[in-house]
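These are the residues of each chain, in order.
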Amino acid sequence: MSPNRLVGSILTCLMLIRSGYAETQKVEAETQPRLVQVKNLLETGRATVPIVCFGDSITGVYYHTGGRRAWCDMLGIALRKVYPKARTKMTNTGISGNTTTQGLARMEGDVLAHNPQLVVVMYGMKDVVRTEPERFRANLREIVERSRASGAAVVLSTPNSVYPNAPRPMARLGQFAQIVRDVAADLSVCLADCFSAYEDLRREDVTEWRLLMS
């Protein structure tokens, strides 16, 4: 996938919190206080912000570059461009083939042990094949709750869309993307809706969309 699509969605979450509208700031401060604190640290550079990117192979590796410049790397670069004073420590804990169940089993050592101030979660591509929808929902909620209990802010991302294929029918992948949206809404978590961004592009220019599949 193209890392820039997801990075742009995550940056949008933070940019919305930068809004100068007093009412927007008030709502964000009440519903996502940790994310506001992360934004402030990025803006001022007062301290290093540890950020963990957590998920499957889409998080873990960008195959065409030998594993370099996966979206975790690109997010760190983009954050430093948007916030020139920012000091970030990016940790990529994506593992190929992982579902949310496997992610939960390794959360302590692979996520919480890094004492993150922000956890960006992108699961679903493997869960579509191996996990029942309600288990996926419960797992996502637990990932958010455990991250928050450690003091971290959370951003949830929907998986990107893919070519139609038998193991991952688009309707089922869309169902799992909607579960991510629902959990984000229920728990007042910032959402990076990668699935919708991909589908918007597919409707506009299917050739350009297909090129993202690399």
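Residues numbered from 1 in each chain as written. Predicted model: local features only at pLDDT ≥ 70, side-chain atom pairs only at ≥ 80, totals over all residues. Heavy atoms only, no water.

**Points about the overall build of the protein chain**
What counts, and what does not: Numbering of helices and strands starts at the N terminus; helices are DSSP runs of H or I of at least 4 residues and strands are runs of E of at least 2. Exposed residues in this analysis have more than 50% of their type's maximum accessible area, buried residues have under 20%, and partly exposed residues fall in between, with area computed by a 1.4 Å probe over protein chains only. In what follows, residue pairs with any heavy atoms lying within 4.5 Å of each other are defined as contacts. Each accessible area is a Shrake-Rupley estimate made with a 1.4 Å probe; only the visible protein chains count as cover when residues are assessed.
When helices and strands are counted, the protein chain shows twelve helices and five strands. Taking all 214 residues of the protein chain together, 51% fall into the buried category. Sequence separation of 24 or more characterises 76% of the internal contacts of the protein chain that already satisfy a separation of 6 or more. Carbon and sulfur atoms provide 51% of the accessible area of the protein chain, an area that totals close to 9800 Å².

**Describing the packing of helix 9 (residues 133-149) against helix 10 (residues 170-186)**
Stated precisely, the cut-off is as follows: Here, axes are lines fitted to C-alpha atoms. For helices the fit covers the stretch in contact, and angles between N-to-C directions go from 0 to 180 degrees. By definition, turning the near helix anticlockwise from the far helix through less than a right angle yields a left-handed crossing, and turning it clockwise yields a right-handed one.
Interaxial distance between helix 9 and helix 10 falls to 10 Å at its minimum, and their mutual angle equals 35°. Classified by chirality, the crossing of helix 10 by helix 9 is right-handed. For the pair helix 9 and helix 10, the contacting residues are Pro 133, Phe 136, Arg 137, Leu 140 and Arg 141 in the first and Arg 172, Gln 175, Phe 176, Ile 179, Val 180, Asp 182, Val 183 and Asp 186 in the second.

**Looking at the environment of Ser 57**
With respect to the element layout, Ser 57 can be found in helix 4 (residues 57-60). Of the residues examined, Ser 57 reaches a relative accessible area of 10% and is grouped as buried. Each C-alpha atom of the pair Ser 57 and Ser 96 lies 3.8 Å from the other, and the pair is 39 residues apart in sequence.

**Looking at the packing of aromatic side chains**
For clarity, the threshold we go by: Two aromatic rings, drawn from Phe, Tyr or Trp (for Trp, its six-membered ring), form a pair once their centres lie within 6.5 Å of each other, and the interplanar angle then sorts them: stacked below 30 degrees, edge-to-face above 60, tilted otherwise.
A full pass over the atoms with the stated rule returns three aromatic pairs. Between Phe 136 and Phe 176, the aromatic rings sit 4.9 Å apart at their centres with planes inclined by 35°, giving tilted as the arrangement. Residue Phe 136 is located in helix 9, and its partner Phe 176 is located in helix 10; the two are separated by 40 residues in the primary sequence. For Phe 136, a relative accessible area of 0% gives the class buried. Their ring planes at 75° and their centres at 5.7 Å tell us that Tyr 163 and Trp 209 sit as a pair that is edge-to-face. Taken as a pair, Tyr 163 in the loop between strand 4 (153-157) and helix 10 and Trp 209 in helix 12 (residues 206-211) lie far apart in primary sequence, 46 residues in all.

**Re the sheet that holds strand 2 (residues 88-92)**
To be explicit about the condition: Here, strands pair whenever DSSP counts at least two bridges between them.
If you trace the five strands from one edge of the open sheet to the other, you get 2-1-3-4-5, paired in parallel fashion. The open sheet terminates on both sides in strands that have one partner only, identified here as strand 2 and strand 5 (190-192). Going from strand to strand, the sheet's axes swing by 20° on average, the running direction of each strand aside. Sheet topology places strand 4 next to strand 5; three bridges connect them, and they run parallel. Bridge pairing in strand 5 places Val 155 opposite Cys 190. On top of the sheet, helix 10 reaches strand 4 and strand 5; it is set at about 155° to strand 4, its chief contact.

**Description of the packing of helix 10 against helix 11 (residues 194-204)**
We apply this condition: Each angle is binned into one of four classes, with values under 35 degrees roughly parallel, values over 145 roughly antiparallel, values of 65 to 115 roughly perpendicular, and all other values oblique. Only Asp, Glu, Lys and Arg are considered charged, only Ala, Val, Leu, Ile, Met, Phe, Trp, Tyr, Cys and Pro nonpolar, and every remaining residue, Gly among them, polar.
One way to put it is that helix 10 packs onto helix 11 with a least axis distance of 9 Å and a crossing angle of 135°. Judged by the angle between their axes, helix 10 and helix 11 are oblique. On helix 11, the residues that touch Met 170, Leu 173, Gly 174, Ala 177 and Arg 181 of helix 10 are Phe 195, Ser 196 and Glu 199. Taken together, the residues that form the contact of helix 10 with helix 11 break down as four nonpolar, two polar and two charged.

**Digging into the nonpolar core**
Definition in use: Think of a nonpolar core as a cluster: buried Ala, Val, Leu, Ile, Met, Phe, Trp, Tyr and Cys residues, connected wherever their side-chain atoms sit within 4.5 Å.
One finds Phe 54, Trp 71, Val 121 and Leu 156 to be the most contacted residues of the largest nonpolar core, which totals 59 residues. It is helix 10 that contributes the most residues to this core, seven residues altogether. Among residues more than four places away in sequence, those in contact with Leu 156 are Val 121, Leu 140, Val 144, Val 180, Val 183, Ala 184, Val 189, Cys 190, Leu 191 and Ala 192.

**What about the side chain of Thr 93?**
Tracing the backbone shows Thr 93 in the loop between strand 2 and helix 6 (100-105). Thr 93 sits in the buried class, given a relative accessible area of 7%. For Thr 93, the residues in contact, after removing those within four places along its chain, are Val 52, Cys 53, Phe 54, Gly 55, Arg 106, Asp 110, Val 111 and His 114.

**Considering the pattern of salt bridges**
Between side chains of opposite charge, a pair can form when the charged atoms approach closely. Quick reminder of the rule: Whenever a carboxyl oxygen of Asp or Glu lies within 4 Å of a side-chain nitrogen of Lys or Arg, that contact is scored as a salt bridge.
A complete count under the given rule lists nine salt bridges for this structure. One salt bridge in this structure joins Asp 182 and Arg 137, with 3.8 Å as the shortest N-O distance. Of the two residues, Asp 182 sits in helix 10 while Arg 137 sits in helix 9, which places them 45 residues apart along the sequence. Put simply, Asp 193 and Arg 181 hold a salt bridge, and the shortest N to O gap is 2.7 Å. Note that Asp 193 is positioned in the loop between strand 5 and helix 11 and Arg 181 in helix 10, a separation of twelve residues in sequence. Each of the two residues, Asp 193 as well as Arg 181, counts as buried.

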